[in-house]
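The primary structure of each chain is shown beneath.
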Amino acid sequence: QEIAKIRTWQELLFPLHGKVEREYTAEAAAQTVWNTEIMELLQSLHEEKGAFLFRIEYKGSLDERKKSEFVKKTASLLEEKSERMLINSISDYEIEIRIVESKKGGYLPYLRLYTMEDERFVYRKESIAASIAPVNAALIMQIAGDYLKENAQVLDPFCGVGTMLIERDIRVPAREKYGIDIFGEAIRGARENASYAGEKINFINRDYFDFTHAYLFDEIITNMPVRGRKSKEETDTFYGRFFEKSAGLLKSAGILVLYSNEQGFIRKQLRIRSDYRLLF
């Protein structure tokens, strides 16, 4: 439970211990899982007794067709071995059995519990297609933590549903937080999420390039918009405008924390502008 509170884990996998059958077959995979303490573990961790709905996730070298056959056969054999105390289900499953191909032969089994509630990001009630995963936002704030300061004035120019700002304030409390987005539905969702999170954030439905403010900000933190159908030239122009606009809104010692897959455009701006430097 202490580990579950850490905001930066992607998934929790519990290794299942037992004899590993060294063959690369569905029969060996099913027997390896059955050799573990899986049933005792499941029954000890859950108050309600009865069968468990499961799915199998395979990680290995099989192609898609063989992978599908392998998963179906392994699942069928596990149902049989457990006398249907384990029931394969394509939806509404309660557990995932992760079967990972081992370099030493056979498969290593892991367990993922969907019955264990993840309460880290319960505030995120609203999202849009472009929303950043909350765990990624938390990870970015963890990485940038040494550069964030308390009581800062923080701006997110492409805030979406507010996840980055919320995670920023959880990592290091800020004084003033502003979120801007041109998409009105995102701003509506951001206000809902901030309310659920107990955060006071000023959200504004506006184009960042039209935004003005009475004072400068300590930090600009954002998940940069994806290129989509924009050409290379259009994206290059966009990043140029962004860095120019941000320079006018940041204090002289202010920082940018950017989440982007367009490193080339960012590095170009760092190369041609003397008012920015890369910290990390």
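Here the structure is a predicted model, which means the values were calculated and not measured. All residue numbers refer to position in the chain's written sequence, counted from 1. For this predicted model, a pLDDT threshold of at least 70 governs which residues receive local features, and a threshold of 80 or more governs which side-chain atom pairs are given and counted, while totals over whole chains, interfaces and linings are taken from all residues. Excluding hydrogens and water, the side-chain figures rest on all heavy atoms present in the structure.

Strand pairing is defined by DSSP finding a minimum of two bridges between the two strands. For the purposes of this entry, the term helix denotes a DSSP run of H or I that reaches at least four residues, the term strand denotes a run of E that reaches at least two, and both are numbered from the N terminus. With respect to topology, five strands assemble into an open sheet ordered 1-5-4-2-3, the strand pairing being mixed. Of all the strands in the sheet, the pair left with one neighbour each is strand 1 (14-15) and strand 3 (86-88). Relative to strand 5 (residues 107-113), strand 1 is paired through two bridges, and the arrangement is antiparallel. Looking across to strand 5, one finds that P15 is bridged to Y110. We call two residues contacting when some pair of their heavy atoms lies within 4.5 Å. Only the contacting stretch of a helix is used when fitting its axis, a line to C-alpha atoms as for every element, and angles between N-to-C directions run 0 to 180 degrees. Strands in contact with helix 2 (residues 38-45) are strand 2 (52-59), strand 3, strand 4 (95-101) and strand 5; relative to strand 5, the strand with the most contacts, it is inclined by about 10 degrees. Together, strand 2, strand 3, strand 4 and strand 5 form the strand contacts of helix 3 (residues 64-81), whose direction differs from that of strand 2 by roughly 145 degrees.

Bringing the packing of aromatic side chains into the picture now. Pairs of aromatic rings are described using the distance from one ring centre to the other and the angle between the two planes. Only Phe, Tyr and Trp rings are paired, with Trp represented by its six-membered ring, and only when their centres lie within 6.5 Å; those with planes under 30 degrees apart are stacked, over 60 edge-to-face, the remainder tilted. By the definition in use, this model includes 17 aromatic pairs. Look at Y58 and F70: their rings are 5.0 Å apart centre to centre, the planes differ by 55 degrees, and that puts the pair in the tilted class. Of this pair, Y58 sits in strand 2 while F70 sits in helix 3, placing them twelve residues apart in sequence. Across the pair, F70 and Y58 agree in class, each one buried. Classification of residues uses two cut-offs on accessible area relative to the type maximum, computed with a 1.4 Å probe and protein chains only: under 20% is buried, over 50% is exposed, and between them is partly exposed.

Helix packing for two helices is described by the angle between their axes and how far apart those axes are. Where helix 1 (residues 26-34) meets helix 3, the closest approach of the two axes is 8 Å, and the angle between their N-to-C directions is 45 degrees. Taken as axis vectors, helix 1 and helix 3 run oblique relative to one another. Crossing hand, helix 1 versus helix 3: right-handed. Taken together, the residues of helix 3 that come into contact with helix 1 (itself represented by A26, E27, A29, A30, Q31, V33 and W34) are F70, K73, T74, L77, L78 and K81. Taken together, the residues that form the contact of helix 1 with helix 3 break down as eight nonpolar, two polar and three charged. In what follows, roughly perpendicular refers to angles from 65 to 115 degrees, roughly parallel to angles under 35, roughly antiparallel to angles over 145, and oblique to any angle outside these ranges. Take the far helix as the reference: if the near one is turned anticlockwise from it by less than a right angle, the crossing is left-handed, and if turned clockwise, right-handed. Under the grouping applied here, Gly and all other residues not named as nonpolar or charged are polar, the nonpolar ones being Ala, Val, Leu, Ile, Met, Phe, Trp, Tyr, Cys and Pro and the charged ones Asp, Glu, Lys and Arg.

Turning our attention to the pattern of salt bridges. Criterion for a salt bridge: a side-chain nitrogen of Lys or Arg within 4 Å of a carboxyl oxygen of Asp or Glu. Overall, the coordinates contain 24 salt bridges when judged by the stated rule. The partner of R7 in a salt bridge is E167, with the nearest N and O atoms 2.8 Å apart. Here R7, found in the segment before strand 1, pairs with E167, found in helix 5 (residues 163-171); they are 160 residues apart in sequence, far enough to count as distant. Note on E167: relative accessible area 2%, which makes it buried. One salt bridge in this structure joins R227 and E262, with 3.1 Å as the shortest N-O distance.

A sheet is described by the order of its strands in space; here five strands give the open sequence 8-7-6-9-10, paired in parallel fashion. Looking along the sheet, the strands with just one partner apiece sit at the ends: strand 8 (202-205) and strand 10 (250-259). Here the strands of the sheet are splayed against their neighbours by 20 degrees on average, with no regard to which way each runs. Direction of pairing for strand 6 (residues 153-156) relative to strand 7 (residues 176-181): parallel, over a ladder of four bridges. If you follow L155 over to strand 7, its bridge partner there is Y178. Relative to the sheet, helix 6 (residues 184-197) contacts strand 7 and strand 8, its axis offset from that of strand 8 by approximately 170 degrees.

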